[in-house]
Amino acid sequence: MPRVHKRKPGSRSYKDYSEEVLIQALNDCKHDKVRDVAKRYNIPFRTLYNKIKGAHKKQCGRPTIFSFEEEEQIAEHLVTCADYGMPLDKFDIRVMVSVYLQKINRTVPQFKNNIPGPDWISSFIKRHEILTTRMCQNIKRSRAGVEPGDIDKYFEQLAVSLQDIHPSNILNYDETNLADEPGLKKCIFRRGVKYPERIINHSKGNITVMFAGTADGEILPPYVIYKSQHLWNSWCDGGPKGTRYSRTRSGWMDSEHFEEWFNSIVLPWARRKDGQIVVIGDNLSSHLSPKVLDICAERNIRFVLLPPNSTDKCQPLDVSYFGPMKRHWRKIMEEYKMKEPTATSLDKAKFPSLLCKLMNTLGMHGRDNLVAGFRACGIYPLNKQLVLKKFPEFAASGEHDKENLHRAVSPAVLEYLKQFKYTPGQRRKTSNGARKRLNVEPGKSVSAEELMSSTSNSNTQPSSPVASTSSMGPEGLLHLQENDSELEALKDCQPENDSDTSAEDSDASTCVSTEQDVDLDLLVSDSSDEEWQPPKKRSKE
């Protein structure tokens, strides 16, 4: 790995001050002595003296490889790619600059093989304050594909639903999980240790909790769901006041428990309120119940659903409440693990008391976070611009000002990024047509050669519901079932997309294939290179 240059200890420091500090110092020199100003701002006397006399007007250090305009365009492209969900790392930037130099037929002697080094990219990021290096998180393509038009339609309907509604009557609900995991922590280790580890028991267990809160900061009692077939009395003692407990086989909420939560938590709260009530939640199938909708119609409760895949932008609990709550929960879990080091998993009998401690720890901060979440989601006060500014088209000002935003980026690049962000992924079809199920004996394996030989044998011989063992490769390792009637029945039952592959897997596969194949040539030039040709297969002797 190439080493980045570092200043030697004790060597001369070059310009440990900003341009703003230098300008302020020069202004003070008009009234005070130069030496006094130099000591005050820790700027060399000769530097101030030369600036006053008009000498050495150039910037300190080696001149940059690219001009100011070129660097601004590179920085603008990087910011635009990040806004549209396709951020580039340091290696990608070095390759992009190398492709740019190749397109303009320019050779830079300072770059080895005409590729910028780690020193250049680090200095480039320091020169542009708009750029920074952050650890990013992965989101599904379906979530990233929410368009501003969907938000506009949502707020048009929301404005009608929230007309003349008091903030104490606006309720938002969402379920989350509290994991048996204290999280990562920075600790002190011997320098050079390869595997820094901390001995602490944890598991992959989660406990589902349904939370609900109003726009003025009122938190309703939680609703806890354990993953179990039975519910024990010790699992319900010591929790927050008014908390209700239940259990399911999966550990997640279903429509039946959603109805029970609504009747036991929301309705008692709604009876204490005067005027119209609005309940806002996501469009999860388990959160849609005909009985709940009938109850809302009878009691004059408006049930508002968020746009699909938009909870990270429009769900107040997701935006500002669950994040701080999970951080407090990890600290509580760390204390619990230290007190009971032999416990292999979270004891459900201890969970109510830990949940009570969590709610007490949040306290007033939890109420403030919830109010801030409603404000950030544009629900109360109603302001859709706060949500639209989360989109790259309106990231600069939050307004419909597309002319000044990303002005240095070519229309071809913007069109490419928009298609990458908003175009839904399509499942790739195999070149061989319909898939065929392979029946492989337990404990056996299959190779591509056996598959090809068995397929050719099946094409030459008469088809049968179950192929014989003698006609299918060596030692009968592979069996193909090709019953036309069964295949047609399966095709009739299946939807257009293959039901064996879930939408989540389809989005993930599309995202990986698109994000890895970044067209860096498009960012620096509109010209296209020759099409890549796969290597020819060797003929079998």
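Cut-offs used in this document
Residues numbered from 1 in each chain as written. Predicted model: local features only at pLDDT ≥ 70, side-chain atom pairs only at ≥ 80, totals over all residues. Heavy atoms only, no water. Helix = DSSP H or I, 4+ residues; strand = E, 2+ residues; numbered from the N terminus. Buried < 20%, exposed > 50% of the residue type's maximum accessible area, 1.4 Å probe, protein only. Contact = heavy atoms within 4.5 Å. Areas by Shrake-Rupley, 256 points an atom, 1.4 Å probe, with all protein chains shown as cover. Arc of directions from axis to C-beta. Phe/Tyr/Trp six-rings, centres within 6.5 Å; stacked < 30°, edge-to-face > 60°. Polar contact = N/O pair within 3.5 Å; in protein donor to acceptor, adjacent residues only side chain to side chain. Core = buried A, V, L, I, M, F, W, Y, C linked by side-chain atoms within 4.5 Å. Pairing = 2+ DSSP bridges. Patch = residues over 30% accessible without salt bridge, like charges linked within 9 Å, V, L, I, M, F, W, Y side chains within 5 Å. Salt bridge = Lys/Arg side-chain N within 4 Å of Asp/Glu carboxyl O. Axes fitted to C-alpha atoms, helices over the stretch in contact; angles between N-to-C directions. Parallel < 35°, antiparallel > 145°, perpendicular 65-115°, else oblique. Left-handed = near helix turned anticlockwise from the far one by under 90°. Nonpolar A, V, L, I, M, F, W, Y, C, P; charged D, E, K, R; others polar.

Chemist: Please clarify how the overall build of the protein chain should be interpreted in this entry.
Modeler: On a plain count of helices and strands, the protein chain comes out with 19 helices and eight strands. Relative to its full complement of 541 residues, the protein chain shows a buried share of 37%. Partitioning the intrachain contacts of the protein chain with sequence separation of at least 6 by distance along the chain shows that 70% fall at a separation of at least 24. A total accessible area of about 35400 Å² is found for the protein chain, and carbon and sulfur atoms account for 50% of it.

Chemist: Sorry if this is basic, but what is going on with the environment of Tyr-336 here?
Modeler: Its place among the elements puts Tyr-336 in helix α12 (residues 316-339). Note: C-alpha distance between Tyr-336 and Leu-346 (10 residues apart in sequence) is 8.8 Å. In this structure, Tyr-336 is in contact with Ala-343, Ser-345, Leu-346, Asp-347, Lys-350 and Leu-354, ignoring residues within four places of it in sequence.

Chemist: I'm lost on the side chain of Thr-248 in this one. Help?
Modeler: As for its placement among the helices and strands, Thr-248 is situated in strand β4 (residues 244-248). Apart from the residues within four sequence positions on either side, Thr-248 is in contact with Ile-225, Tyr-226, Lys-227, Ser-228, Asp-254 and His-257.

Chemist: Honestly, helix α2 (residues 34-41) in this entry has me stumped. Any pointers?
Modeler: Along an α-helix, residues three or four apart share an orientation, since each turn contains 3.6 residues. Inspection of α2 places Val-34, Val-37 and Ala-38 among the buried residues, and these make up the whole buried set. Projected down its long axis, α2 shows its buried positions confined to an angular sector of 105°, all on one face. Residues of α2 that are exposed and angled more than 90 degrees away from the buried face: Arg-35 and Lys-39. In this structure, the buried side of α2 is in contact with α1 (19-28) and α3 (45-53). Asn-42 sits one or two residues past α2 and shows a positive phi near 55°.

Chemist: For this particular structure, what's the right way to read the packing of aromatic side chains?
Modeler: Each pair of aromatic rings is reported with the distance of its centres and the angle of its planes. Enumeration over the complete set of coordinates arrives at 18 aromatic pairs. Between the aromatic rings of Tyr-173 and Phe-258, the centroid separation amounts to 5.6 Å while the plane-to-plane angle is 50°, which identifies the pairing as tilted. On the criterion of sequence distance, the pair formed by Tyr-173 in strand β1 (residues 170-179) and Phe-258 in helix α9 (residues 255-271) is long-range, its members being 85 residues apart. The same class applies to Tyr-173 and to Phe-258, which are both buried.

Chemist: What am I meant to see in the environment of Ser-203 here?
Modeler: Turning to its location among the elements, Ser-203 is positioned in the loop between β1 and β2 (206-214). Contact partners of Ser-203, with chain neighbours within four places excluded, come to Asp-180, Thr-344 and Ser-345. Here Asp-180 takes part through its side chain, which lies 2.5 Å from a polar atom of the side chain of Ser-203.

Chemist: I'm lost on the nonpolar core in this one. Help?
Modeler: In summary, soluble globular proteins display a tendency toward joint burial of nonpolar side chains. Grouped together as the largest cluster of nonpolar side chains are 55 residues, with contacts concentrated most on Tyr-321, Phe-351 and Ile-379. Among residues more than four places away in sequence, those in contact with Tyr-321 are Phe-211, Ile-219, Pro-316, Met-359, Leu-362, Gly-366 and Leu-370.

Chemist: Mind showing me how you'd approach helix α6 (residues 118-127) here?
Modeler: Every buried residue of α6 is accounted for by Pro-118, Trp-120, Ile-121, Ser-122, Phe-124 and Ile-125. The elements touched by buried residues of α6 are α4 (68-83) and α5 (90-103).

Chemist: Sorry, what's going on with the pairing of strand β5 (residues 277-281) here?
Modeler: For a regular strand, side-chain orientation follows a simple rule: the groups alternate between the two sheet faces. Of all five residues in β5, five are buried; the element is thus mostly enclosed. Here β5 shows a buried face lined by Ile-277, Val-279 and Gly-281 and a second buried face lined by Val-278 and Ile-280. As paired strands, β1 and β5 are joined by three bridges and run parallel to one another. Note that in β5 the partner of Asn-172 across the bridge is Ile-280. Taken together, the five bridges between β5 and strand β6 (residues 301-305) define a ladder with parallel strand orientation.

Chemist: Looking at this model, I keep getting lost on unusual backbone geometry. Mind explaining?
Modeler: Trans peptide bonds make up most of the peptide bonds, and negative phi angles are found at most residues other than glycine. Backbone torsion omega between Tyr-380 and Pro-381 reads -5°, so that peptide bond is classified as cis. Positive phi values are uncommon outside glycine, yet Asn-114 reaches one of about 60°. Phi at Asn-300 takes a positive value of approximately 60°, unusual for a residue other than glycine. With respect to the helices and strands, Asn-300 occurs in the loop between α10 (290-298) and β6.

Chemist: What should I look at first to understand a nonpolar patch on the surface in this one?
Modeler: Residues Leu-438, Val-440, Val-446 and Leu-451 make up a contiguous nonpolar surface patch of about 250 Å² in total accessible area. The residue Leu-438 is located in strand β7 (residues 438-440) in this model.

Chemist: Explain the pairing of strand β3 (residues 223-227) to me, please; I cannot follow it from the model alone.
Modeler: Most of β3 sits inside the fold, with four of its five residues counted as buried. Direction of pairing for β2 relative to β3: antiparallel, over a ladder of three bridges. The residue of β3 that forms the bridge with Met-210 is Tyr-223. Both β3 and β4 contribute to a ladder of five bridges, which runs parallel. Looking at β4, one finds that Lys-227 is bridged to Thr-248.

Chemist: How should the packing of α1 against α2 be read in this particular structure?
Modeler: Describing two packed helices takes the angle between their axes plus the distance from one axis to the other. Contact pair α1 / α2: the axes reach a minimum separation of 9 Å and the direction vectors enclose 150°. Judged by the inter-axis angle, α1 sits roughly antiparallel to α2. The element α1 and its partner α2 pack so that their crossing is right-handed. Touching Val-21, Gln-24, Ala-25 and Asp-28 of α1 are Val-37, Arg-40 and Tyr-41, all from α2.

Chemist: What is the right way to look at the packing of α2 against α3 in this model?
Modeler: Taken N-terminus to C-terminus, the directions of α2 and α3 make an angle of 125°; their axes are 9 Å apart at the nearest point. Comparing their axes, α3 and α2 come out oblique. As for the relative orientation of α2 and α3, their crossing is right-handed in sense. Between α2 and α3, the residues in contact are Val-34, Arg-35, Val-37 and Ala-38 and Phe-45, Leu-48, Tyr-49 and Ile-52, respectively. Here the residues of the contact of α2 with α3 are counted per class, giving seven nonpolar, no polar and one charged.

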